Each structure stands twice: as structure tokens, then as C-alpha cells.
Amino acid sequence: MKRAFSFGDRSIEVAVQRVNGVECVAVIGAGTMGQGIVIDLLNKTDCRVVVLDVQAEALKRAESKLAGLWKQQVKGMQIREEDAKALASRVKYTQKYGDLKKADIIWEVATEQVAIKAKIFEAIENTVEPERIAAVFSNTSSHTTAELAVLFKSGAFRERFLTVHGYFPFEANRLIDVMKGKYASSETFAFGVVFADQILEKTVVALPVDHHGYITDPIFQGMGAIVSWDVKTGRDIIQLGGLWDLFTANPFSVLDQTGHMPYTESSRHLGEALPKTDRLRGLYLRDGKYFPDWIGKLEKDGDIGVNSPKRRGFYQWSEGGRPRPEKVLDPASGKYVPIGTICRKDFWSFHEAAARDSRDGKIKSADSLFHVACADDAGGRAFRRYALPICLYALDMIQDRVATPGQINISTRAGLRYKVGLVEVVDALIARLTIDGVLDLIRRARAENADDPYIVDMLDTEGETGPRKGLPCLLHEMKKRNITRLLGYGEYFGTPVAEVDFDTGTYRGCYPDIKFYEPFPRDRVVSIVFNNPMRGNVWNRAGLDQLAHAYGRVLKLHREGRCGGVLFSAGGDGMRMLGADAREFNRGWFERTKGYVPLAEADAAAFTRKGMGLFRLIQKSPVATVGVFGEKWGGGAEFTYFLDLRYDVRVEGFQFDTLDRKTIWQKKNTYNQPELDYAILGGFGAVGELKRLGMGDSVIFEMFDEGMTADRAYQVALSNGVFDEEVDALRRGYERVRLMAKDAPYSRALFKLQLARGIDDEALSRETGEIFNPKKNPFISTGLLALLDRGARVPKMDYACKGIKLPGWDYPEGDGAADTGEVE
């Protein structure tokens with residue numbers, strides 16, 4: 001959204017106001033990451049953007065990149081010509097620090113070299129009044145906030161300084177880190193989190209304490225570094241680096257696309273600055289070297305990836321269009337050789353893993369990773385040598401209270417695009433082997449690598465050797481406390497929905513794709529925001545699991561009298577809510593050469609059955625519900641039909657006019673049910689729910705054949721309110737549900753029962769009598785006082801429902817999670 005909203009969270013209200021006051025953002029550094037940040041800022045804000053770089057050539061490249069992007073978007077009818085001109089008018093390219101004077105945020109995206117950062121910060125300090133700016137960000141990959149904050153002489157700048165770090169490609173990657181450190185004020189930290197969350201629309205990992213590289217960068221850096229010392233030939237890059245293809249992608253391919261500079265400069269810094277207790281510190285300083293000679297030669301020769309003059313680095317990349325790796329570097333000869341394939345004879349477990357997933361309709365699954373982890377081949381040995389130390393490193397971050405299990409899992413899924421999060425991998429190993437079995441697997445790895453002291457130290461679990469000497473790994477504490485899972489998993493499809501809190505030993509909700517705002521006591525409103533805007537907030541197995549768990553928390557809060565209503569919305573510009581995830585309509589990974597592989601009939605039916613069961617639970621519960629959304633498609637529209645009220649935001653964009661046979665800019669439909677066009681049905685009850693809401697057959701035909709704008713939906717009484725601005729819709733929706741939350745629970749439950757039942761005069765007579773019985777409806781005593789004694793100060797209603805039987809409603813058992821303890 002272009003403006004932030006507090007969702008009733010009083011702790012961020014000041015930050016929201018400050019974020020909404022931002023008018024100008026300055027970005028220092030016009031390289032790959034700087035360009036991505038500028039693109040994101042222009043797309044997601046109305047701010048002016050100043051791009052500063054000391055090199056005029058870098059500014060020209062950035063200007064050319066942005067101009068080319070907008071030209072392409074105009075040609076593709078994503079934006080209008082006037083939109084492109086407006087975007088260009090908001091950018092200023094400069095080499096002068098004086099142009100930063102009016103910036104509200106300054107974002108440094110330059111080198112990792114601390115000496116250069118010091119010069120940049122000195123120039124900022126000499127140019128900008130600290131009272132003028134809200135915050136200074138650094139996109140550093142390896143430094144802590146404190147290490148960089150001290151480069152400022154002024155305490156006023158230090159308390160406004162945060163490290164805020166995105167991932168390649170910035171404009172298309174969900175993850176962002178916000179790290180506070182010891183100098184930043186709490187107000188600055190809250191400002192940074194709200195800006196990254198609601199304005200940049202990212203999945204935010206907020207770290208109050210410093211850690212080199214946040215969570216994700218040291219994992220990714222480690223993935224490449226741990227393999228790099230063993231690389232001798234081009235085949236090693238493919239085969240050993242190929243281990244990580246089982247999780248996400250070969251890190252050497254990714255580094256070629258981001259450029260090697262962040263990696264090599266981070267390695268230098270980590271080699272010098274990592275604390276003595278960091279398990280991976282041996283990766284960055286061996287015999288006085290921060291990385292192997294063959295990587296150093298690439299850096300020296302300027303062969304640092306696809307954007308280098310010769311378009312080569314670890315790979316030789318194709319010219320023009322979307323770059324593709326054509327050859328791979330052979331460090332032994334210094335030449336680029338054919339890429340080849342992973343040897344089936346030596347790495348048979350890799351091939352078997354892929355075959356198992358294809359057979360079972362899965363994609364890079366935990367089952368296949370477990371198969372490789374235990375295999376007695378080169379693939380299994382690679383997993384134990386390279387992946388197990390990274391898994392132990394993740395456990396160290398939890399043990400040292402740097403990060404939570406959920407944060408690590410979300411970081412690897414969202415930032416590194418793991419198909420199975422790193423903590424899920426640890427849980428899978430424990431589930432199949434037990435904790436003792438996992439410790440045995442690590443001992444096996446140590447025995448296999450006994451001749452390599454660096455690997456032996458990284459595989460220490462007993463606290464006997466290496467950086468973690470005196471610190472037995474977290475597995476021992478888990479065994480002692482009988483904690484067998486770091487994450488809690490959904491009751492429907494077993495995807496992550498919670499994380500263990502080691503301070504309490506219980507599990508708390510932790511959602512990759514949902515934001516859950518706790519109710520302010522006086523408001524009694526929970527806000528649930530679907531938060532995967534880059535995927536259009538689609539419905540998939542993970543989404544259903546997370547919503548089921550989140551609504552379980554809502555019902556618990558309702559029973560305790562702490563929640564009376566829920567505001568549902570969606571993150572991202574336009575608050576878009578798409579339908580079911582089309583990728584899950586195909587059995588396994590869709591491949592164009594294979595075509596559509598049908599789901600089993602039972603699997604398709606199960607998805608609808610579970611989704612309908614959850615939506616019906618929300619609909620029937622005695623909790624008031626209001627939805628505030630923009631453009632909705634398929635299941636995204638269907639979900640809103642189950643809510644009490646619907647508020648819509650108008651949307652404009654290009655649409656194809658089938659009558660005039662041309663694409664025109666106009667108001668877009670906010671309700672769309674296109675299922676019949678794709679030979680499927682509205683699997684979440686569209687037809688039945690539209691009928692229940694009073695829509696006639698002709699209106700339902702219109703919905704499925706044409707869709708509806710927000711104004712048309714309001715005209716036919718499907719929508720309860722229409723707005724031009726997202727924040728205005730949210731403010732009205734929140735206020736409406738806040739007032740609805742004041743309804744007495746017994747009356748609201750009975751009201752919903754009557755709505756579902758229809759006309760029944762005899763039942764109404766009986767229920768009217770029952771509602772006046774305080775033994776059945778204990779809320780009536782307080783409720784009627786407000787009506788009868790208007791001059792008196794009426795006592796507050798106790799909304800708690802424990803021990804009370806509400807009409808037509810029984811609280812479900814459990815909390816929407818399997819194998820977890822009490823949800824906090």
C-alpha cells in the first residue's frame with residue numbers, strides 16, 4: 001500500500017504516521033541492488049527518489065535500465081505512456097550529496113568495504129540535518145548495525161540508523177531484513193519495520209539484536225563457501241553445487257546473477273569480524289585466505305558474473321534476452337567447458353530423489369532430502385558434508401536467541417526460495433531418525449570427513465571442538481525437554497503454522513503468508529492480512545493451513561472475551577486476492593513438454609472439502625467478520641461471500657474490450673469468477689453462497705461470464721461500501737467491525753443461527769424466551785442496563801464465553817495445528 005495502517009496496533013501508530021509522512025527517499029548506489037530498490041520505491045510509493053552514485057556511468061546504466069523497463073511495460077500494456085512519464089519525473093540522478101538534503105530516508109546500497117562506507121556516512125553527516133530525516137538505512141550483507149552506526153560521529157544519526165537488507169532481485173523477492181542493533185531508537189526500528197512491511201510489501205524479518213548478515217545471508221554465503229573450497233573442476237561446480245538444487249538453486253549460478261562483489265567483500269569482512277562462537281567462521285579464513293584462489297582470480301580478472309563485460313563468472317552466459325548459462329568455468333585449466341550433467345553412477349541419490357518426487361507428485365520434498373541425507377553415495381556424502389553444518393548453524397541461531405525457528409524457516413523459503421524450509425528439513429530428519437538418530441548421522445559425517453579439521457569442527461554437536469567448544473548443540477536441549485519439533489504444522493496439509501518458544505516450551509502462531517494482529521483490549525478486533533502479494537495472495541495448501549490455525553486463535557480469544565470481530569484484508573498494492581494456486585492443480589511440477597498432469601479426483605475433492613469446512617466455520621462462528629479487498633479472482637472472491645460484510649476498493653487498469661477488439665484503460669472488475677473459462681468450477685461454493693446472499697440467477701450468470709466492478713457489486717447489494725483509497729477502506733472496515741464486536745455473544749450467535757435457518761416463527765418465539773433467561777444468556781443483565789438505565793454508568797460487559805453454551809455453536813477442539821502444544 002502507498003499509505004500504512006495500524007490495524008488497531010497502538011504500538012505502531014506513531015511509526016505509521018511517520019511512514020505516511022515520507023515524501024522523498026534517497027538511494028546511494030546505482031548498481032544492481034540499488035536499481036531494484038529504486039524500481040520498488042517508484043512502483044509502491046508516490047515518493048520522489050534521488051539516486052546518487054559517484055560514477056556517472058553507473059547513473060547512466062541505471063537511468064537506461066529504468067527507461068527500458070518502463071518502455072517494455074508500456075508496450076506490454078502494464079502501464080500507460082503518461083504513467084511512464086510520471087515515473088521518470090519522480091527520479092533524480094545525481095553525483096552531489098547536496099541533493100540529499102530534502103530526503104526523509106537515505107538508503108545506502110554501496111560497497112561492503114567499510115572504508116568506503118565511512119566516507120559515504122561522513123558525507124551524509126556533513127550534508128544532512130539529522131532532525132530532517134526519519135532514518136538512514138544500509139543494505140549491507142555482512143556488517144552488524146553497530147559496526148556501521150559508529151561510523152557516524154553524531155548520536156542523532158546513530159539512533160536513526162538501521163540495516164535494512166533485501167534480496168536479489170529486490171523488486172521481485174519477498175524477503176527483507178530490518179535489524180536494530182544497540183544504537184537505533186525503538187521509534188526508528190518500528191518505523192523501519194512498518195515501512196518495509198506495509199510500503200515495500202515485503203515479508204519482514206525484524207531482528208532486535210545484531211547478527212552478521214542477518215539470518216539469510218550467512219546461510220546463502222555458507223552454501224557457496226562450504227562447497228567452494230572443494231571445487232577443483234567445472235564438474236565440481238555442477239555436481240557439488242548441485243546439492244543445493246535439491247533445496248533451491250546452485251549458489252554459483254545465483255552469485256553470477258547478483259555479481260560476486262557482495263560475496264567476496266562479505267567473505268573478507270566475515271573472516272575478520274565473526275565472533276569466536278560462530279560455527280561457520282572457518283569458511284572465511286583459511287591459511288590467510290578469505291576465499292579460494294580460483295574465486296580470487298575471477299575477481300582480479302573482472303569476471304564477476306553476467307553483468308561483467310565478458311558476461312562470465314562461474315559460468316559463461318548467453319548474449320541478449322534472458323541470460324542462460326552456456327558453459328561452466330573449469331578452475332583447473334582456467335577455461336570454460338561444456339556444462340554436462342550430474343553423474344548418475346556417483347550421485348544416484350540425486351537422481352532417485354527427483355524420480356521419487358516426480359512419482360509422488362511432489363517438488364523438492366522433505367522425503368527426497370531425507371533419502372539423499374542417508375544415501376551411501378557421493379550425493380549422500382555431499383549432503384552430510386555441506387548441508388548438515390548449515391542445519392547446525394540454523395540451530396545455533398535459535399540457541400543463541402538470535403532468531404526464532406519460524407524466522408529461519410521463512411527466511412530460507414521467502415529469501416532463498418527453498419521449497420522446504422531449512423527448519424522443516426531439521427524437523428523431517430528428527431521425525432524419521434529421532435534426535436539420537438540425527439546425532440548419529442552427524443557423527444557419521446564427522447567420520448567421513450575426519451581428514452578435514454574445518455568440517456569436523458563445523459559438525460561438532462557435543463561442544464568439544466571448534467568455535468562451539470563448551471556449547472553443546474541445541475539438539476541436546478531439545479532431547480532433554482522432549483521437544484521433537486521446532487515448528488508446528490497445519491492439521492489439513494501439514495505445512496508450517498507455528499514455532500516453538502524455547503522460553504516457555506509452548507508453540508505460538510508463525511505464518512509465512514499471513515499477518516495476525518492481536519486485538520487491542522478496548523477494540524476486541526483481530527486483523528488477519530493475507531501477505532503474499534507477489535503471488536497474488538493465492539489459496540493453496542499452506543494458505544488453508546495458516547488460516548485454519550489463525551482462526552483457531554481467534555476462537556480462543558473469543559471464548560476468553562478478548563475478541564469479537566475480525567478484519568480480513570490482503571497485503572500489496574490494490575489488496576489483490578487471487579483464487580486457488582494454479583500450480584497445485586497440476587500433479588507435481590508443471591513441465592511444458594509433459595503438459596497437464598491431472599490431480600487425483602480424491603485430492604481435488606479433499607482440497608475443496610477442507611476449504612469449505614474452514615470457510616463455513618468462519619461464517620457460522622459468533623465472531624463478526626468484515627473483508628476489505630481490491631481485485632478478487634475465483635477463490636479470493638468466494639472467500640468474501642462467507643464474511644458478514646464486504647468493503648471494496650475500486651481498481652483501474654488495462655482490459656480487453658471484446659466488442660471493440662482493443663485494450664483500453666478503465667475500471668477493472670473487483671469480483672471475478674472465471675472458472676468456467678478454464679473447464680473447472682467455483683470450488684469454494686460461489687454459486688450457493690451468491691444465492692444465499694440474495695443474488696438472482698441473472699446476477700450470478702453476470703458474475704461468472706463478465707465479473708463485476710466494485711460499483712456494480714454495490715449496486716446489486718453484494719458490496720457494503722466502495723472506496724477509492726485503500727487506507728480509507730481499511731479505516732471504515734476496521735471501525736465497522738469494532739462496533740460489531742460490541743454485540744453480545746449469545747445474541748450474535750443466535751442471530752447467525754436465524755440467518756442460516758430462515759423463517760421459523762415457532763423457533764423465534766422459543767428463542768426470544770430463552771434470550772431473556774440469564775442462566776442461558778448471562779450477557780442480558782449488562783446489555784439491558786444500557787437500555788433501561790441510560791443516565792447511569794453501565795458496567796462493562798464481560799464477553800467471556802467459557803462455560804456458556806451459545807446457540808447453534810460449539811467451539812471446535814484443537815487450534816488448527818497438529819503436533820503442537822498450546823498456542824499463545
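Every value quoted in this text rests on a predicted model; they were computed, and no experiment measured them.

A.B. asks: Would you take a moment to explain the overall build of the chain for this structure?
C.D. replies: Along the backbone of the chain there are 30 helices and 25 strands. At 28 Å, the chain has a C-alpha radius of gyration in line with the 28 Å of a compact globule built from 824 residues. The dimensions of the chain, computed from C-alpha atoms along their principal axes, are 90 × 60 × 60 Å. The proportion of buried residues among the 824 residues of the chain is 56%. Both charge centroids of the chain, one from 113 positive and one from 113 negative side chains, sit 1 Å from each other.

A.B. asks: What am I meant to see in the side chain of lysine 668 here?
C.D. replies: Positionally, lysine 668 belongs in the loop between strand S22 (662-667) and strand S23 (671-672). Among the polar contacts listed, one links the side chain of lysine 668 to the side chain of glutamate 631, at a separation of 3.5 Å. Not counting chain neighbours up to four residues away, the residues in contact with lysine 668 comprise Glu631, Val651, Glu652, Gly653, Phe654, Gln655 and Thr709.

A.B. asks: Please explain helix H8 (residues 186-199) as it appears in this structure.
C.D. replies: The end-to-end C-alpha separation of H8 is 19 Å, in line with the 20 Å expected for 14 residues at 1.5 Å each. Judged by how many residues are buried, H8 sits mostly within the fold: eleven of 14 residues are covered. Within H8, the full set of buried residues consists of Thr188, Phe189, Ala190, Phe191, Gly192, Val194, Phe195, Ala196, Asp197, Gln198 and Ile199. Among the residues trailing H8, glutamate 201 stands out with phi positive, at a value near 60 degrees.

A.B. asks: Honestly, the pattern of salt bridges in this entry has me stumped. Any pointers?
C.D. replies: A side chain with one charge can pair with a side chain of the opposite charge if their charged atoms come near. Evaluation of the coordinates by the stated rule reveals 60 salt bridges. Between aspartate 644 and arginine 748 there is a salt bridge, and its shortest N-O distance comes to 3.4 Å. Placement of aspartate 644 in the loop between helix H23 (635-641) and strand S20 (645-649) and of arginine 748 in helix H28 (residues 745-757) is noted, with a sequence separation of 104 residues between them. Under the relative-accessibility criterion, aspartate 644 is labelled partly exposed at 23%. Residue classification places arginine 748 among the buried residues on the basis of a relative accessible area of 9%.

A.B. asks: Even after reading the chapter, I still don't get the packing of helix H9 (residues 216-228) against helix H11 (residues 251-258), so can you show me in this structure?
C.D. replies: If you want to describe how two helices pack, look at the angle between their axes and the distance between the axes. Where H9 contacts H11, the axes come no closer than 9 Å and their chain directions differ by 115 degrees. Of the two possible hands of crossing, H9 and H11 adopt the one that is left-handed. Within the contact between the two elements, H9 uses Phe220, Met223, Gly224, Val227 and Ser228 and H11 uses Pro251, Phe252, Val254 and Leu255. Of the residues assigned to the contact of H9 with H11, the class counts are seven nonpolar, two polar and no charged.

A.B. asks: Please clarify how the sheet that holds S20 should be interpreted in this entry.
C.D. replies: Hydrogen bonds between backbone groups are what pair the strands of a sheet, and the pairing can be parallel or antiparallel. Strand order in the open sheet formed by six strands is S15-S16-S17-S18-S20-S24, and the pairing between neighbours is mixed. Two strands bound the open sheet, and with one partner strand each, they are strand S15 (514-517) and strand S24 (721-723). Ignoring which end each strand starts from, the neighbouring axes of this sheet average 15 degrees apart. Alignment of S20 against S24, held across three bridges, turns out to be parallel. By the bridge assignment, valine 649 is partnered in S24 with phenylalanine 723. Lying on the sheet, helix H21 (residues 541-559) is in contact with S15, strand S16 (525-530), strand S17 (565-570) and strand S18 (624-629); it crosses S15 at an angle near 10 degrees.

A.B. asks: What exactly am I supposed to notice about a positive patch on the surface here?
C.D. replies: On the surface, Arg3, Arg731, Arg732 and Arg736 cluster together into a patch of positive charge. Relative to the elements of secondary structure, arginine 3 occurs in the segment before helix H1 (13-20). Arginine 3 gets classed as partly exposed once you look at its relative accessible area, which sits at 38%.

A.B. asks: Is there a simple way to think about the nonpolar core in this case?
C.D. replies: Grouped together as the largest cluster of nonpolar side chains are 164 residues, with contacts concentrated most on Ile219, Leu547 and Phe568. Core analysis: the second largest hydrophobic core is formed by 48 residues, Cys47, Trp70, Ile105 and Ile199 among them.

A.B. asks: I'm lost on the environment of aspartate 573 in this one. Help?
C.D. replies: Looking at where aspartate 573 falls in the secondary structure, it is placed in the loop between S17 and helix H22 (601-620). Remark: the alpha-carbon pair of aspartate 573 and lysine 44, spanning 529 residues in sequence, is separated by 6.9 Å. Setting aside chain neighbours within four positions, we find aspartate 573 in contact with Met1, Glu201 and Glu726.

A.B. asks: Looking at this model, I keep getting lost on the packing of aromatic side chains. Mind explaining?
C.D. replies: Describing an aromatic ring pair means giving the distance of the ring centres and the angle of the ring planes. Summed over all chains, the structure comprises 36 aromatic pairs. Between the aromatic rings of phenylalanine 152 and phenylalanine 161, the centroid separation amounts to 5.8 Å while the plane-to-plane angle is 65 degrees, which identifies the pairing as edge-to-face. Each member of the pair phenylalanine 152 and phenylalanine 161 is classed as buried. Ring centres of phenylalanine 493 and phenylalanine 607 lie 6.0 Å apart, and the angle between their planes is 35 degrees; this geometry places the pair in the tilted category. Within this pair, whereas phenylalanine 493 is found in the loop between strand S12 (487-490) and strand S13 (496-501), its partner phenylalanine 607 is found in helix H22, the two being separated by 114 residues in sequence.

A.B. asks: I would appreciate a short explanation of the sheet that holds strand S11 (residues 335-338) in the present structure.
C.D. replies: Ordered by their spatial adjacency, three strands build an open sheet running S9-S10-S11, and the pairing between neighbours is antiparallel. Only two strands of the sheet have a single neighbouring strand rather than two, namely strand S9 (315-317) and S11. The sheet shows a mean angle of 40 degrees between the axes of neighbouring strands, direction not considered. One ladder, built from three bridges, connects S9 with strand S10 (residues 325-330); its direction is antiparallel. Paired with tyrosine 315 across the strands is valine 328, a residue of S10.

A.B. asks: So what exactly am I meant to see when it comes to unusual backbone geometry here?
C.D. replies: It is generally the case that most residues other than glycine have a negative phi and that most peptide bonds are trans. Geometrically, the link from phenylalanine 168 to proline 169 is a cis peptide bond, its omega value of -15 degrees lying close to zero. Positive phi is not limited to glycine here, since arginine 417 has a value of about 60 degrees. Positionally, arginine 417 belongs in the loop between helix H17 (405-415) and helix H18 (422-448). One non-glycine residue, methionine 575, adopts positive backbone phi at about 45 degrees. Mapped onto the elements, methionine 575 comes out in the loop between S17 and H22.

A.B. asks: I keep staring at the packing of H9 against helix H16 (residues 378-399) and nothing clicks. Help me out?
C.D. replies: It is the contact of H9 with H16, at a shortest axis distance of 10 Å, that shows an interaxial angle of 155 degrees. In terms of orientation, H9 lies roughly antiparallel with respect to H16. Two packed elements cross with a definite hand, and for H9 against H16 that hand is right-handed. Here Pro218, Ile219, Gly222, Met223, Ile226 and Val227 of H9 come into contact with H16, specifically with Arg385, Tyr386, Pro389, Ile390, Tyr393 and Met397. Taken together, the residues of the contact of H9 with H16 sort by class into ten nonpolar, one polar and one charged.

A.B. asks: Please clarify how a nonpolar patch on the surface should be interpreted in this entry.
C.D. replies: Among the surface-exposed residues, Phe585, Phe590, Tyr596, Tyr678 and Ile680 lie close enough to one another that they form a single nonpolar patch of about 560 Å² accessible area. Looking at the element boundaries, isoleucine 680 is found in the loop between S23 and helix H24 (686-692).

A.B. asks: So what exactly am I meant to see when it comes to the side chain of glutamine 316 here?
C.D. replies: Assignment of secondary structure puts glutamine 316 in strand S9. Since its relative accessible area comes to 18%, glutamine 316 is described here as buried. Among the polar contacts made by the side chain of glutamine 316, one reaches the main-chain carbonyl oxygen of lysine 310 at a distance of 3.1 Å. When near neighbours in sequence (up to four residues on either side) are disregarded, glutamine 316 contacts Lys310, Arg311, Arg324, Pro325, Glu326, Lys327 and Tyr336.

A.B. asks: How should I be thinking about the environment of glycine 76 in this particular structure?
C.D. replies: Turning to its location among the elements, glycine 76 is positioned in the loop between helix H3 (56-75) and helix H4 (81-89). Judged by its relative accessible area of 48%, glycine 76 falls in the partly exposed class. Through-space distance from the C-alpha of glycine 76 to that of tyrosine 507 is 47 Å; in sequence the pair is 431 residues apart.

A.B. asks: What should I look at first to understand the pairing of strand S7 (residues 175-179) in this one?
C.D. replies: Look at any regular strand and the pattern is simple: side chains alternate between the two faces of the sheet. Burial of S7 is extensive: five of the five residues sit out of reach of the surface. Of the two faces of S7, the one lined by Leu175, Asp177 and Met179 and the one lined by Ile176 and Val178 are each fully buried. One ladder, built from four bridges, connects strand S6 (residues 161-166) with S7; its direction is antiparallel. Among the inter-strand pairings, valine 164 is bridged to a residue of S7, identified as valine 178. Handedness of the crossover joining S7 and strand S8 (residues 203-207) through H8 is recorded here as right-handed.

The rules behind each value
- Residues numbered from 1 in each chain as written.
- Predicted model: local features only at pLDDT ≥ 70, side-chain atom pairs only at ≥ 80, totals over all residues.
- Heavy atoms only, no water.
- Helix = DSSP H or I, 4+ residues; strand = E, 2+ residues; numbered from the N terminus.
- Rg over C-alpha atoms; globule rule 2.2 N^0.38 Å.
- Buried < 20%, exposed > 50% of the residue type's maximum accessible area, 1.4 Å probe, protein only.
- Lys, Arg positive; Asp, Glu negative; His and termini not counted.
- Charge placed at Lys NZ, Arg CZ, Asp CG, Glu CD.
- Polar contact = N/O pair within 3.5 Å; in protein donor to acceptor, adjacent residues only side chain to side chain.
- Contact = heavy atoms within 4.5 Å.
- Expected span 1.5 Å × (residues − 1).
- Salt bridge = Lys/Arg side-chain N within 4 Å of Asp/Glu carboxyl O.
- Axes fitted to C-alpha atoms, helices over the stretch in contact; angles between N-to-C directions.
- Left-handed = near helix turned anticlockwise from the far one by under 90°.
- Nonpolar A, V, L, I, M, F, W, Y, C, P; charged D, E, K, R; others polar.
- Pairing = 2+ DSSP bridges.
- Patch = residues over 30% accessible without salt bridge, like charges linked within 9 Å, V, L, I, M, F, W, Y side chains within 5 Å.
- Areas by Shrake-Rupley, 256 points an atom, 1.4 Å probe, with all protein chains shown as cover.
- Core = buried A, V, L, I, M, F, W, Y, C linked by side-chain atoms within 4.5 Å.
- Phe/Tyr/Trp six-rings, centres within 6.5 Å; stacked < 30°, edge-to-face > 60°.
- Parallel < 35°, antiparallel > 145°, perpendicular 65-115°, else oblique.
- Right-handed = clockwise from strand over helix to strand, strands pointing away.

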